[in-house]
Amino acid sequence: MELRVRALESILSEKGYLDPAALDAIVQAYETKIGPHNGARVVAKAWSDPAFRQALLDDASKAVGTLGHVSRVGDHLVAVENTPDRHNMVVCTLCSCYPWEMLGLPPVWYKAAPYRSRAVKDPRGVLADFGVSLPKETEIRVWDSTAETRFLVLPMRPAGTEGWSEEQLAELVTRDSMIGTGFPKTPGAPS
Amino acid sequence: MNGVHDMGGMDGFGKVEPEPNEPMFHEEWESRVLAMVRAMGAAGAFNIDASRFYRESLPPHVYLSSSYYKKWLLGLEDLLLAKGYIAREDVAAGHAVAPAKSLKHGKFSIADVERIMVRGKFGRAAPAAAKFKAGDRVRAKNIHPTTHTRLPRYVRGHIGVIERDHGCHVFPDTVANDAGENPQWLYTVVFDGRELWGPDSDPTIKISIDAFEPYLEPA
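Since the model is a prediction, treat every value here as computed from it, not as a measurement.

K.L.:
Give a description of the overall build of chain B that names residues and reports values.
P.N.:
What chain B contains, in helices and strands, is eight helices and six strands. Along the first, second and third principal axes, the C-alpha atoms of chain B reach 60 × 45 × 35 Å. For chain B, the residues scored as buried account for 51% of the 219 residues in total. In chain B, the proportion of contacts linking residues at least 24 apart, taken out of those at least 6 apart, comes to 64%. In the form shown here, chain B has an accessible surface area of approximately 9900 Å², with 53% of it arising from carbon and sulfur atoms. Across chain B, the mean location of the 27 positive side-chain charges is 4 Å away from that of the 29 negative side-chain charges.

K.L.:
Describe the domain arrangement of chain A, and please don't skip the residues or the numbers.
P.N.:
Here chain A is partitioned into domain 1 (2–31) and domain 2 (35–179). Relative placement of domain 1 of chain A and domain 2 of chain A: their C-alpha centres are 32 Å apart.

K.L.:
Tell me about the packing of aromatic side chains, and name the residues and values.
P.N.:
Residue and element names in this part refer to chain B. Tallied over the full model, the rule gives 18 aromatic pairs over all chains. When the ring of phenylalanine 132 is compared with that of tyrosine 187, the centres are 5.8 Å apart and the planes differ by 75 degrees; the resulting orientation is edge-to-face. In this pair, phenylalanine 132 is assigned in the loop between β1 (123–124) and β2 (137–140) and tyrosine 187 in strand β4 (residues 184–192), connecting sequence segments 55 residues apart. Each member of the pair, phenylalanine 132 as well as tyrosine 187, carries the same accessibility label: buried. Relative to tryptophan 197, the ring of tyrosine 154 has its centre 5.6 Å away and its plane inclined at 15 degrees; by these criteria the two rings are stacked. A residue pair is termed long-range when its members are at least 10 positions apart, and tyrosine 154 in the loop between β2 and β3 (159–169) and tryptophan 197 in helix α8 (residues 193–197) qualify at 43 residues.

Procedures and definitions
- Residues numbered from 1 in each chain as written.
- Chains lettered and ligands numbered in written order.
- Predicted model: local features only at pLDDT ≥ 70, side-chain atom pairs only at ≥ 80, totals over all residues.
- Heavy atoms only, no water.
- Helix = DSSP H or I, 4+ residues; strand = E, 2+ residues; numbered from the N terminus.
- Buried < 20%, exposed > 50% of the residue type's maximum accessible area, 1.4 Å probe, protein only.
- Contact = heavy atoms within 4.5 Å.
- Areas by Shrake-Rupley, 256 points an atom, 1.4 Å probe, with all protein chains shown as cover.
- Lys, Arg positive; Asp, Glu negative; His and termini not counted.
- Charge placed at Lys NZ, Arg CZ, Asp CG, Glu CD.
- Domains from an automatic or database assignment.
- Phe/Tyr/Trp six-rings, centres within 6.5 Å; stacked < 30°, edge-to-face > 60°.

Following this line, the structure appears as structure tokens:
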């Protein structure tokens, strides 16, 4: 694979289509500028600031755009809120659509057949694969990302975090809790 | 197209296996493939829907047995060959031997990187009034285009409810084939689990898709 990829890169570069140094810069940008820390800051702010929470649920692109540190979000971000009665989970059954500006590049499991095939039919079974179980009466809402809309799950704020700063709260927010296949960390639990 | 990429509801793929502390890339070449796809798309060689169509057009056994970035590489090669940006002779030689074709936005350089790290805009002015509104009952049409579509098989023929209206967006079904952006209204449509999977389905599940207006009819 490596040789084949290198050959294609040589062809594209020799034809004058791209500068290999620009490819280095793209990879570096993915490796350093995006990641779940962006989503975690948004979630922590929503937990701390009721007006921001409401703005996020009304128009996530606009709300996130007001935060200087995470502004790469584009126009089509939708935040969906977990409640005691309803749990949200995000999938892309057709390919790998994912809010990468908020969460980074998707993990392999998100792009692979087991998750894509089962999330829409047996979400409780999929959650069990993650060691997650929900009360049997909780509604599970699965969002299949079939267009350019991207979904960010706003998990429930863990108990025992009263008075915590946004920075402390952000430490509890996991990537999977923003996809809907996990929960935030529990305060004081070993990580 | 009714390809193997359209996986919603299929059985037999086994358990989801998350990898602890997964790296962003497992091999260095994966990062080069990602960067080449982004760069060539931004230079104007193809749009995102065309790149999806070429990946889903891989033969089913290749699609299912290839890693994610291998699919990206194979799709990229096929797409660049089909659109004449590279030639078979180039691939055979491992170097550029055939003449280059001009790119719509010119050579992709370092100055273009910042721009592609912000997501593209897909909203467009509405060419006509929306046919549906939140609360309307709709049926996903029973259609089977052999070209690119974003209407998954598992909802076709089923009744759901419009929940959100996202405005007008570029229509993947036409833009993927270079047949124009053809903007269409986009809605979140929610289906009850039992509507999709029958009476034995978990009664607590609801599934939504984002559906372009041409995928829907009143129900």
